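So the chains spell out like this:
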Amino acid sequence: KVLNSTAQYMDVEIDTEQYPYILENNQLIFVGEGWKSACWSMMQFEPETHFVCYNTGDNLGWVRYHAEALKKGVVRLKEPNGKPVPYPAAGTLLVLRHSTREHAGMFIYHSEGVKMEHINVYHTGGLGVLSQYSKDLTFNDVNLIPNAAKNRVLSGHDDGLHLMGCSGQVTIENCRFAGLMDDPINIHGTCSRIVKVLSPTRLQCRFMQDMSEGMEWARPGETAGFIESKTMHTFGKGTITKFEVVNKAEFIVEFSEPVPAVLKEGNVLENLSCTPDAEIRNCHFGSCRARGVLVSTPGKVVIEDNVFESSGSAILIAGDANYWFESGAVKDVTIRRNEF
């Protein structure tokens, strides 16, 4: 909680029993059994509504700061060079982010016909429910929300429901999301860059995000699309006959027919077989750090009868092959009867 605020500093009160910390080299370091983790981002929440403070976003996010102890449980934070900063008002609640997204709360992997329902997830140290290469998933009354009984404002370190490379039918109904540090729902595939053309039918590829490394990207019989990364134009397709792991970051894909003659190193592949249909209805998207729904799939998508109070875009359609490499050319999306 922000106790005092000026243009030069803010004084922050931290519950040392719930959130033990130390100061090292004028940095705020949270500690536990056998670990310590530096604070690297700060998000502002309104004390009454627990909404992200209006027009703040990441403006206290990835910034340098100087920390000094005033007394037990009270730390003064200021810009190292003494420059004026629009520090949040006294009374504002801060989420002090640290650590990395090492572990999801739940992990659905190479599974089929999974149904989760009537579950409250009050906190995860990484993604909430991570689903990879799974088919026909249903989430009913799965709520990623802060624990109101403990007056928490934070639920998850990252996304709520994160679905990568899934297929079949994904149904998300009657779910609630609030206090997440990333997107409540993110549905996408993974683009991989072609680093070497080994033969007319063999391509060596690389995962471009280290968080994707080691995944079983494809299986024989699946279909891949060949994409020009800058325009996101799919200029051809091929049937996969073999998937070989080279190392954690690279793999080789073999096709039944020669790849298009225009293909070159630097283009990317996406697995078109791992693209689901999705229905998202009767959900409540409360105030989180980021957006509401990210949808990147060429399957049939219906988003209806939801309430969006999201801080960023309520619905974002943005496949890319240049930064996050989250693939999925969208072709059929129906958005109706939602409240924004």
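Just above, that's the structure.
Residues numbered from 1 in each chain as written. Predicted model: local features only at pLDDT ≥ 70, side-chain atom pairs only at ≥ 80, totals over all residues. Heavy atoms only, no water.

What follows concerns the pattern of salt bridges. Any two side chains of opposite charge can pair if their charged atoms end up close together. Under the criterion given, the structure shown has 24 salt bridges. Salt-bridge contacts for E68 lead to K78; the nearest nitrogen and oxygen are separated by 3.4 Å. Taken as a pair, E68 in strand β6 (residues 66-71) and K78 in strand β7 (residues 74-78) lie far apart in primary sequence, 10 residues in all. We note a salt bridge from K242 to E244, for which the minimum N-O separation is 3.6 Å. (Salt bridge = Lys/Arg side-chain N within 4 Å of Asp/Glu carboxyl O. Helix = DSSP H or I, 4+ residues; strand = E, 2+ residues; numbered from the N terminus.)

Now for the sheet that holds β6. Working definition: the strands of a sheet are paired by backbone hydrogen bonds and lie parallel or antiparallel to each other. The strand order across the open sheet formed by four strands is β1-β2-β7-β6, and the pairing between neighbours is antiparallel. Edge positions in the sheet fall to β1 (2-5) and β6, since each of these pairs with one other strand and no more. Averaged over all pairs of adjacent strands, the angle between their axes in this sheet comes to 25°, without regard to strand direction. Relative to β7, β6 is paired through five bridges, and the arrangement is antiparallel. Considered in β7, the bridge of A67 is made with L77. (Pairing = 2+ DSSP bridges. Axes fitted to C-alpha atoms, helices over the stretch in contact; angles between N-to-C directions.)

A few words now on the sheet that holds strand β21 (residues 250-255). The six strands lie next to each other as β17-β18-β21-β20-β19-β22, forming a closed barrel whose pairing is antiparallel. Adjacent strand axes in the sheet meet at a mean angle of 50°, parallel and antiparallel pairs treated alike. Where strand β17 (residues 192-199) meets strand β18 (residues 202-207), six bridges bridge the pair, whose relative direction is antiparallel. Bridge pairing in β18 links S192 to F207.

On their own, these measurements won't tell you what the molecule is for.
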